[in-house]
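# An overview of the molecular structure
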Amino acid sequence: MILSVAINKSFWRLYFKVYDRNQSEPYLRLIKDGARKLVKNPIGKYLELGCGSGNPTLEIARRLKAAGDVVGLDSSTDAIELAQKKASAEKLGNITFVLGDMGKALPFADESFDGILANNSFYLVSDPQKTLIEVIRLLKPGGSFLMTNPKEAASSSAIFREHLAIMKERYFYRYGAVIGGVALAGHTARALYNYSLLLPFQLVLKYSYKIESHFWPAEKWEQVIEEARRASPYPFAVRGPFDAYAGQNHTYIIDRLPR
């Protein structure tokens, strides 16, 4: 993740203090869907780039159980510490967290991984084309890279609204309109509080001139991917884009081909 040096550590330290308050249904579905699409069989070795506090990394580890391994890489020591605590609490022995910058040369050998995930992190690298080629280098032939990035007009309020719609249906189904309505009101108040804590960080990521973010339309991502394909010594095919995260993200799956 690339930030101005002056605000790097302090921004991410504060961000990860509130990050896990995002337990919205669209977010949880994004995590589960990413792991499901990436881990075709519960074996092999996997990598998450820009893993943050480790939620997608942990989901991959749960799917693999004891038959595979997963590595989470992030440039924030605070994020890595949080992720390690969560992995220890769940006693997941097939997971490792590494401090590193996904925008630089990655500290792994060629063809090390069966699958690689970048869950809302790839849009923060300074040179996506260069980084994409580096990611493909790490994939085994037949392996896949799944990246999901916010759309140009991504709206966190749309994610919040979809979450409330899902919870309304769930509460009303379980408890009926009256009791369900009371339960939903309490849930909405808590969710609004969590949303208000996260919103300033999301606005900084999207609009601050100090942060190099790429909230790009699909056409721009496809241009980057095509340029990487022409420049890459490693052949690959592309699937997508697919809508994700309440329709606010583009998801691409890039498959490493045999030479």
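What this report covers is the structure whose coordinates are included nearby. (Residues numbered from 1 in each chain as written. Predicted model: local features only at pLDDT ≥ 70, side-chain atom pairs only at ≥ 80, totals over all residues. Heavy atoms only, no water.)

## Topic: the overall build of the protein
Across its full length, the protein holds 7 helices and 7 strands. Listing each helix as α and each strand as β along the protein from the N terminus yields α-α-β-α-β-α-β-β-α-β-α-α-β-β. A compact globule built from 259 residues should have a C-alpha radius of gyration of about 18 Å, and the protein, at 19 Å, falls within 12% of that. With the C-alpha coordinates of the protein rotated into their principal frame, the extents come out at 60 × 45 × 35 Å. The contacts in the protein between residues at least 6 apart in sequence include a share of 75% that link residues at least 24 apart. Taken as a whole, the protein presents about 12,400 Å² of accessible surface, with 56% of it coming from carbon and sulfur. Side-chain charges of the protein comprise 34 positive and 26 negative groups, with the mean position of each set lying 5 Å from the other. (Helix = DSSP H or I, 4+ residues; strand = E, 2+ residues; numbered from the N terminus. Rg over C-alpha atoms; globule rule 2.2 N^0.38 Å. Contact = heavy atoms within 4.5 Å. Areas by Shrake-Rupley, 256 points an atom, 1.4 Å probe, with all protein chains shown as cover. Lys, Arg positive; Asp, Glu negative; His and termini not counted. Charge placed at Lys NZ, Arg CZ, Asp CG, Glu CD.)

## Some words on the pairing of strand β1 (residues 44-49)
Across a regular strand the side chains alternate sides, sitting on one face of the sheet and then on the other. Strand direction decides the pairing type here: β1 and strand β2 (residues 68-74), joined by 6 bridges, are parallel. Directly across from G44, in β2, lies its bridge partner G68. For the crossover from β1 across helix α3 (residues 55-64) to β2, the handedness is right-handed. Here β1 pairs with strand β4 (residues 113-119) via 3 bridges, running parallel. (Pairing = 2+ DSSP bridges. Right-handed = clockwise from strand over helix to strand, strands pointing away.)

## Describing α3
The buried fraction of α3 is high, at 8 of 10 residues. By the burial criterion, the buried members of α3 are N55, P56, T57, L58, E59, I60, A61 and L64. The inward-facing, buried residues of α3 contact α2 (25-38), β1, β2, α4 (77-89), β3 (95-99) and β4. K65 occupies a position one or two residues after α3 and carries a positive phi of about 55 degrees. (Buried < 20%, exposed > 50% of the residue type's maximum accessible area, 1.4 Å probe, protein only.)

## Here we look at helix α6 (residues 156-207)
Between its first and last C-alpha atoms α6 spans 14 Å; for 52 residues at 1.5 Å apiece the expected length is 76 Å, and the helix comes up short by more than 12%. When the local axis directions of α6 are compared, the greatest deviation, roughly 125 degrees, occurs at G176. (Expected span 1.5 Å × (residues − 1). Bend = angle between axes of the 7 residues up to and from the residue.)

## Comments concerning the pattern of salt bridges
Across all of its chains, the model carries 15 salt bridges by this definition. Note that R13 is salt-bridged to D78, the shortest N-O span being 3.7 Å. Taken together, the positions of R13 in helix α1 (residues 8-18) and D78 in helix α4 put the pair 65 residues apart, joining distant regions of the chain. Of the charged contacts in the structure, one is a salt bridge between K86 and D20, with a shortest N-O distance of 2.7 Å. Taken together, the positions of K86 in helix α4 and D20 in the loop between α1 and α2 put the pair 66 residues apart, joining distant regions of the chain. By relative accessible area, which is 26% here, D20 ends up partly exposed. Here the salt bridges share partners, and the residues they tie into one network are K32, E59, R62 and E90. (Salt bridge = Lys/Arg side-chain N within 4 Å of Asp/Glu carboxyl O.)

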